[in-house]
Amino acid sequence: MKKFYHIITYGCQMNVHESEKIAGILSEMGYESCSSPEEADIVVFNTCCIRENAENHAFGNIGMLKKLKQRRRDMIVAVGGCLPQQMNKAENIHEKFPYVDIIFGTHNLHDLKSLILKKLASKEPVISIPEDDGSICEEDVPLRTSYPNAWVNITYGCNNFCSYCIVPYVRGRERSRSSERIIAEVRSLVAEGYKEITLLGQNVNSYRGELTFPQLLETIANIEGKFRIRFMTSHPKDFSDELIEVMAKYPKICHCLHLPVQSGSDSILAAMNRRYTSGQYLEKVVKLKARIPDCAITTDLIVGFPGETDEDFEATLDLVKKVNFASAFTFVYSKRQGTKAAEMPDQVPEEVSKARIMRLVELVNSQTRSLSETYLGKTIEILCEDYDDKRGMYMGRDEYGRMGYFISSQNMIGKFVKIQIKQVNGISLTGSAVV
Ligand code: 5AD
Ligand code: SF4
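Keep in mind that this is a model prediction, so the values were computed, not measured. (Residues numbered from 1 in each chain as written. Chains lettered and ligands numbered in written order. Predicted model: local features only at pLDDT ≥ 70, side-chain atom pairs only at ≥ 80, totals over all residues. Heavy atoms only, no water.)

**Student:** Report on helix α14 (residues 350–373), specifying residues and quantitative values.
**Tutor:** For α14, with 24 residues, the first-to-last C-alpha span of 34 Å sits near the 34 Å given by 1.5 Å per residue. Taken residue by residue, α14 has Ser353, Arg356, Ile357, Leu360, Leu363, Val364, Gln367, Thr368 and Ser372 as its buried positions. Buried residues in α14 make contact with β13 (296–303), α13 (310–323), β14 (327–332), β18 (416–425) and β19 (428–433). (Helix = DSSP H or I, 4+ residues; strand = E, 2+ residues; numbered from the N terminus. Expected span 1.5 Å × (residues − 1). Buried < 20%, exposed > 50% of the residue type's maximum accessible area, 1.4 Å probe, protein only. Contact = heavy atoms within 4.5 Å.)

The structure is reproduced here in structure tokens:
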């Protein structure tokens, strides 16, 4: 009898990649992937808690499984990742959703097999949320689902304690994987035919294995073959001249940098514990653009941090205008229990934050749209990633991260394709393949 699994993932790339590791464990246990919880023998929620809405979203979907679970008592429901790793949250989940069979955290994903076996042998729910012990598990073999792109972890955890952020509490202290292992992993991915390698860490710039981050990047860029290299996320305080030099030197490294600024106001940046000023951020941007003029810079921005005044918010708009980001993720500040900012006075009223984010989104979108206009008539090289059923077109990205669509009668996934842009619609570009 075949057994099936279904994984539901919330949150960042780190989680997307961890779901690939969960899939690896489940397939090694004999489960096969299926496309809906209805067909599954085990459903795994890989959760996120970075903002309240991520949490509510997961809670809502776990709640929706209640009926299915009543009909299919043998189905296993597991909830893991960042959400249950928060203080007292596992108990909370257990009380709210007593039908959840397994609750695990961020530090024991590799124990999932034994947790499942334990559950199969007992009627009781299995709850296991170990604390960070500083170790890294190298045993998991991910079942990769995003060919031609492959994610490679270089660090886990975070030591920065930005005052709004829950990540250091749920992911533990920063640990770097050995450079040798990372390089070996990338080599074998390239040999298997992966065309885009994204190095992942909460703050890749503070990577410290046998090599520094720029040295690691340089070594990877020297691996033979046609493939692209991306990395995320970079903390501006650790973004160095040496890294700019490596990015400039190797064509394999995409001219694309995600550099979250969060705010343009120095007093807010200080309260956020970001450890740079807007001036220092701009200096790094100027240096980067001087050395790599075509570099696309993307960012994350938070509005409504406690104490943010109209002037602070105007400073954020100013900075966005100065940098001219290729794109930006914009967030309304969300209070996270246990963080420093949750205790700060002057929490900003929701209506104020909403009005601010609307203005910010409008500005960011207008910058992204103007950038799109510059693409009209140009020929760009994209790495074809997927087929979009709705549009009936293949889709890929250029090195700057911009999505482009085109029609082809052959399967182009995993190929580098040159397309000439014929149509620009907001952020989406459509072109025709050039032979
Ligand atoms: N509220 C809103 N946004 C947040 N981020 C992190 N924590 C919070 C929070 N409490 C955003 C930051 C970070 C991105 C991954 O999520 O902008 O860079
Ligand atoms: Fe959170 Fe700051 Fe660490 Fe990023 S660097 S994960 S925002 S604490």
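**Student:** Which residues make up the pairing of strand β11 (residues 228–232), and what are the values?
**Tutor:** Buried residues dominate β11, accounting for 4 of its 5 residues. Across 5 bridges, the pairing between strand β10 (residues 196–200) and β11 is parallel. Residue pairing across strands places Glu196 opposite Arg228, the latter belonging to β11. With helix α9 (residues 213–221) bridging β10 and its parallel neighbour β11, the resulting β-α-β unit is right-handed. (Pairing = 2+ DSSP bridges. Right-handed = clockwise from strand over helix to strand, strands pointing away.)

**Student:** Any details on the side chain of Thr368? Residues and values, ideally.
**Tutor:** For Thr368, the location among the structural elements is in helix α14. For Thr368, a relative accessible area of 5% translates into the label buried. Side-chain polar atoms of Thr368 contact the backbone oxygen of Ala326, separated by 3.3 Å. The contact partners of Thr368, leaving out residues within four places of it in the chain, are Ala326, Ser327, Arg402 and Ile427. (Polar contact = N/O pair within 3.5 Å; in protein donor to acceptor, adjacent residues only side chain to side chain.)

**Student:** Before we move on, could you go through the packing of helix α1 (residues 13–28) against helix α6 (residues 112–120) and cite the residues and values that matter?
**Tutor:** Following both chains from N to C, one finds α1 and α6 inclined at 50 degrees, their axes separated by 10 Å at the closest point. Between α1 and α6, the crossing angle belongs to the class labelled oblique. Remark: the crossing between α1 and α6 carries right-handed chirality. Residues Ile22, Ile25, Leu26 and Glu28 of α1 touch α6, and the partners they reach there are Leu112, Lys113 and Ile116. (Axes fitted to C-alpha atoms, helices over the stretch in contact; angles between N-to-C directions. Parallel < 35°, antiparallel > 145°, perpendicular 65-115°, else oblique. Left-handed = near helix turned anticlockwise from the far one by under 90°.)

**Student:** How would you sum up the sheet that holds β13? Please name residues and give values.
**Tutor:** In spatial order, the strands read β12-β13-β14; together these 3 strands make up an open sheet with parallel pairing. The sheet is open, and its two borders are formed by β12 (256–258) and β14, each paired with just one other strand. In this sheet, adjacent strand axes meet at a mean angle of 15 degrees when their direction is disregarded. The pairing of β13 with β14 spans 6 bridges and is classified as parallel. What sits directly across from Thr299, in β14, is Ala328. Strand contacts of helix α12 (residues 278–291): β12 and β13, with the helix running at about 165 degrees to β13, the strand carrying the most contacts.

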